[in-house]
Every structure is written in C-alpha cells, then in structure tokens.
Amino acid sequence: MALRAAESIWVGAQFNSRPDSPGSHARPGLIAVGRDSGPDRLFRKWQCRWALVPAQTSVTPVDDEKPLTPEAAKPVGATIHGPKEIVSKGFHRDLNFLPRPLSVTDDSSDDGTKVRVAYQGIPGAYSEAAALKAYPGSETVPCDQFEVAFKAVELWLVDKAVLPIENSVGGSIHRNYDLLLRHRLHIVGEIQLEVNHCLLALPGVRKEELKRVLSHPQALAQCEMTLSNLNITRVNADDTAGAAQIVAASGQRDTGAVASARAAEIYGLDIVAKNVQDDANNITRFLILAREPIIAGNNKPYRTSIVFTLEEGPGVLFKALAVFAMRGISLTKIESRPQRKRPMRVVDGSNNGSAKYFDYLFYIDFAASMAEPRAQRALGNLEARVLSHHLFHLHEN
Ligand SMILES: O=C(O)C(=O)C[C@]1(C(=O)O)C=C[C@@H](O)C=C1
C-alpha cells in the first residue's frame, strides 16, 4: 500500500504553524493565520491539549507542505553519496548485510515490537550511536538525509527520529532547525553524545600517506587543526560512516575518513589516529522527535522550545526575552535564523538608497515545563510582544 503523505499527515497534526508563510495575516498577538482552510479544527485540537492560547488565536497547517512525490523525495544538496551496495574487494568485509538506507518512497512497515528509530547516515554513524543511547535495544533505521528521517516518523515508518541539533565545537546544525519548522513533529527528549573521531584508512596505510580525507562537514570542522597540520585535503560526505564506507570501497590508499571506531570495525578499516578532534570535549546534542508530544508535568526538570518572529524596533528582542527573566526562567539556548520566505526587509530608504535587513526567526529553549504557571504566564505575555510564535515541544531535561 502506498502512503499518501499529505493526507495522513494532516489527520495526525496537533499544531503546526508556519509564521512566515506567504499570504498569512500575522500581526502582534496572533500565532499565524494562513490562507488555507481548517484553522479552527486544528486550533480546537491544539487548544484541548495545551489550553494556553487566547481565544482569538487561530493556527494553520504548514503552507508549503507538498504531497510526497518521488521528485519531492529526492535527496537535496548532498555532496558525496555512499554506494548503496558495496562490491567487496577483499580488503574489507562484505557490507551487503547492512540495512539499506531508508528512502521516503519505502512504504514497508515493521510488525515487530521493538521501537524503530530513524537516524541520518548509515551504521557506524554517530547518529546511530545516539539513537541507541536514547533507545537501547531499539531497531535503528538509517536514512540518507535528515528530511527522510522526519518523513519516516510522519509516515509511521518509524516511531522516533534522533537528529543532531548542536555540537560543542561546530555549533548549530541549521538544517535541522529549518526542518523542525517545516514538519509536524514534536521534540520529546534530547540526548548528548561524546564524539571521539578517529582517522581511518585502508589496512596497512600510515597516516603520512594520506592526501585526502572524507567526512561529514561537521566532523571535518571538529578536526580542523589536526587535518591542517597533516596537510590533508578535506572532502565532504553525507555522514562519517558513509565516508568510511566509500574509503573501504574505493581501495585508494591515499584516502582516509574521519569517523568512529565502530565505523572502522564495520567497514574493515584501520584506525591510524584516535581522538583527532581539536577539542577533547566534543559533544553533540541530538533531539528526539516523535509524532505526539509528551505531556509535561512539573515533577522533574523540563525544557520547552519555541520559535517566534518580531516586529522591527528598538528593544523588541530585549522585551520578548524579559518575559522569561521576570519570572526567573532560564534560557538555555537562543538561535536566530533568517526567514527563508521573507529574508529581507527594506528598513530605511532615506540614506544612500535603501538599507536592507534580514527578518529573523528566533528559536528559544527555556528551562521550565508548560505545566508550570510561570511558564504559561511567560508565553501568554510573550504572545503580546511578538509577531507570531509556535510552541515546538516540551521535553524532559
Ligand atoms: O556523520 C555522522 O556520523 C553523524 O551522525 C552526523 C554528525 C553531525 O551532523 O553533526 C553527528 C555528530 C558529529 O558531530 C558529526 C556528524
């Protein structure tokens, strides 16, 4: 049976607004009013859950959600794709036993009772390790792109997705911030993973022989100094384990990969150097995404994430953030991203032609549960100060 993405996703939607959608009539105090029909239905559903938003508020589903077509499902922006099937050349193990990366055209589902967890990459990727740390004993499902992992949850092919959002050295993984807005998933937890990179090469190769090294761009960035010192050319790959797989399949002795020790084991490579990251404390935060939100309590520490947009003007961000400070709520993260559909705003045409600025989305994590009255009051207050906002999720700290 083929899954029809657009339909199945709408039915399951709890709440999802796209504040920057074209055709929206957003104004201060409103979440987002879109051009599509059905806001009341969705709002009522959402209101039952959280009962936080004033009655005049209505919400609309994501405006740019397109039905899933094979075209739409094609991976975008990939640099190097690992081979789907490896022809064993004798110097590494037979890899055909490994699970084939999930693509969004797959419509198979599993009857098993194990939790199925999607991650981006192939076996041996750090994301797989994070998925197993979050759900020991789960069935991990490799996906060739972040977006495929989002869609796999939406289409009920898996139960959860575990995706990187921030690294202590490389910073935020912006692609996943953007995807969070475009998909209807809830963040239900987070997991942190210590990332210890190894330099891998074909058996018997010494690190001095390496002329180029493949890896995920984040991993290459985390090893910037070490690789510069070794004078090695860096080449982007989809994920660290994919890089190891390519090196193993290529048979090229002058090409290495930055990846995990587990990737070396899986793909039959030697570890020529350990801990090649520049910072010994190299930690990546991964988000756990699900179709349904968790219902927050106030019995343990929770974190809540929201995204909002602001009117232009002095102190608007200061005033928006003050709603948390005034209630003693700590902010644990703030991230700003240009709005993709409305990136520029002409601010002043009086001097030297026109000055243009970006319009921003602000993503905030704060340390409180929505079950706490102070958090409810803060959000109520925030709503009066922002152009539009969207409560992403509640998750355990
Ligand atoms: O390529 C992998 O192994 C991944 O899991 C991806 C990823 C990332 O996107 O940041 C995850 C953790 C490490 O920081 C490096 C790469």
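Residues numbered from 1 in each chain as written. Predicted model: local features only at pLDDT ≥ 70, side-chain atom pairs only at ≥ 80, totals over all residues. Heavy atoms only, no water.

Glancing now at the overall build of the protein chain. What the protein chain contains, in helices and strands, is eleven helices and 17 strands. Considering the protein chain as a whole, with its 397 residues, one finds that 52% of them fall into the buried category. Of the contacts made within the protein chain by residues no fewer than 6 positions apart, 77% connect residues no fewer than 24 positions apart. When the accessible surface of the protein chain is summed, it comes to about 17,800 Å², and 52% of that surface belongs to carbon and sulfur atoms. (Helix = DSSP H or I, 4+ residues; strand = E, 2+ residues; numbered from the N terminus. Buried < 20%, exposed > 50% of the residue type's maximum accessible area, 1.4 Å probe, protein only. Contact = heavy atoms within 4.5 Å. Areas by Shrake-Rupley, 256 points an atom, 1.4 Å probe, with all protein chains shown as cover.)

Turning our eyes to something else, we now look at the side chain of Ser260. As for its placement among the helices and strands, Ser260 is situated in the loop between β9 (255-259) and α9 (261-267). Note on Ser260: relative accessible area 8%, which makes it buried. A polar contact of 2.7 Å, which involves the side chain of Ser260, links it to the backbone oxygen of Gly124. What Ser260 contacts, discounting residues up to four positions off in sequence, is Gly124, Tyr126, Cys198 and Leu200. (Polar contact = N/O pair within 3.5 Å; in protein donor to acceptor, adjacent residues only side chain to side chain.)

All right, on to the packing of aromatic side chains then. By convention here, two paired aromatic rings are described through the distance between centres and the angle between planes. Scanning the entire structure with this criterion turns up four aromatic pairs. Ring centres of Phe324 and Phe366 lie 4.8 Å apart, and the angle between their planes is 35°; this geometry places the pair in the tilted category. On the criterion of sequence distance, the pair formed by Phe324 in helix α10 (residues 316-325) and Phe366 in strand β16 (residues 360-366) is long-range, its members being 42 residues apart. One exposure class covers both Phe324 and Phe366, and it is buried. (Phe/Tyr/Trp six-rings, centres within 6.5 Å; stacked < 30°, edge-to-face > 60°.)

This brings us to the UniProt feature "domain: Prephenate dehydratase" (unreviewed entry) in the protein chain. Under the local residue numbering, the UniProt record ascribes the feature "domain: Prephenate dehydratase" (unreviewed entry) to residues 116-291. From the first C-alpha to the last, residues 116-291 spans 13 Å; its make-up is 32% helix and 33% strand. (UniProt positions renumbered as here; feature names shortened; annotations may be inferred.)

Let's shift gears to helix α4 (residues 146-154). An α-helical turn contains 3.6 residues, so any two residues separated by three or four positions project in the same direction. Burial analysis of α4 places nine of its nine residues in the buried class, which makes it a mostly covered element. The first or second residue beyond α4 is Trp156, which carries a positive phi of 65°.

Looking now at the sheet that holds β9. Judged by pairing direction, the sheet is mixed, and its five strands sit side by side in the order β8-β7-β9-β6-β10 without closing on themselves. Here the strands that pair on one side only, and so sit at the sheet edges, are β8 (233-236) and β10 (270-273). Each strand of the sheet is rotated relative to its neighbour by a mean of 35°, with strand direction disregarded. In this sheet, β9 lies alongside strand β6 (residues 198-201) in antiparallel orientation, the contact comprising three bridges. Bridge pairing in β9 links Cys198 to Ala259. Packing of helix α8 (residues 240-250) onto the sheet brings it into contact with β6, β7 (212-215) and β9, and relative to β9 it is tilted by some 155°. (Pairing = 2+ DSSP bridges. Axes fitted to C-alpha atoms, helices over the stretch in contact; angles between N-to-C directions.)

Another aspect to go through is the site of the ligand. Near the ligand lie 13 residues; those nearest to it are Tyr126, Ser127, Gln222, Thr240 and Thr284. Tyr126 is positioned such that a nitrogen or oxygen atom in its backbone is 2.9 Å from an oxygen atom of the ligand. The protein chains hide 100% of the 360 Å² of surface that the ligand would expose on its own. Counting residues per element, the ones that place at least two in the shell around the ligand are α3 (126-134), β3 (160-167), α6 (217-222) and β11 (283-290). (Near = heavy atom within 4 Å.)

In this section: the pattern of salt bridges. Counted according to the given criterion, the structure contains 16 salt bridges. The residue Glu209 makes a salt bridge to Arg206 at a minimum N-O spacing of 3.7 Å. Of the charged contacts, one joins Arg374 and Glu372 as a salt bridge, the two residues approaching to 2.7 Å between their closest N and O atoms. Here the salt bridges share partners, and the residues they tie into one network are Glu166, Glu190, Arg285, Arg303, Lys333, Glu335 and Asp365. (Salt bridge = Lys/Arg side-chain N within 4 Å of Asp/Glu carboxyl O.)

Next up on the list: the pairing of strand β12 (residues 302-309). Among the eight residues in β12, eight count as buried, and that is most of the element. As paired strands, β12 and β16 are joined by six bridges and run antiparallel to one another. Bridge pairing links Thr304 to Phe366 in β16.

This paragraph deals with the packing of α4 against helix α5 (residues 174-182). Relative orientation and spacing of two packed helices are given, respectively, by the angle between their axes and the distance between those axes. The N-to-C vectors of α4 and α5 enclose an angle of 30°; their axes lie 10 Å apart at closest approach. By the angle between their directions, the pair α4 and α5 is classed as roughly parallel. The interaxial crossing formed by α4 with α5 has right-handed handedness. Facing Phe146, Glu147 and Phe150 of α4, the residues of α5 in contact are Arg175, Asn176, Leu179, Leu180 and Arg182. Split into classes, the residues belonging to the contact of α4 with α5 amount to four nonpolar, one polar and three charged. (Parallel < 35°, antiparallel > 145°, perpendicular 65-115°, else oblique. Left-handed = near helix turned anticlockwise from the far one by under 90°. Nonpolar A, V, L, I, M, F, W, Y, C, P; charged D, E, K, R; others polar.)

The next point concerns the state of the cysteines. Here a disulfide denotes one covalent bond, and it connects the sulfur atoms of two cysteines. All told, the structure shown has zero disulfides when counted by the stated rule. A disulfide-free cysteine, Cys198 has its sulfur positioned 9.6 Å from the sulfur of Cys223, the nearest such atom. For Cys223, a relative accessible area of 0% corresponds to the buried category. (Disulfide = S-S within 2.5 Å.)

With that settled, the discussion passes to the nonpolar core. Membership of the largest hydrophobic core comes to 35 residues, with the highest contact counts inside it found for Leu199, Leu200, Ala244 and Tyr267. At the level of secondary structure, the elements contributing two or more residues to this core comprise β6, β7, α6, α8, β9 and α9. Looking at this core, the element that brings in the most residues is α8, giving six residues. With 27 residues, the next largest nonpolar core counts Ala149, Leu163, Tyr177 and Leu181 among its residues. (Core = buried A, V, L, I, M, F, W, Y, C linked by side-chain atoms within 4.5 Å.)

One non-glycine residue with positive phi stands out, namely Asn231, at about 60°. Inspection of the secondary structure assignment puts Asn231 in the loop between α7 (224-229) and β8. The phi dihedral of Asn275 is positive, around 45°, even though this residue is not glycine. Taking relative accessible area as the criterion, Asn275 reaches 47% and is therefore assigned partly exposed.

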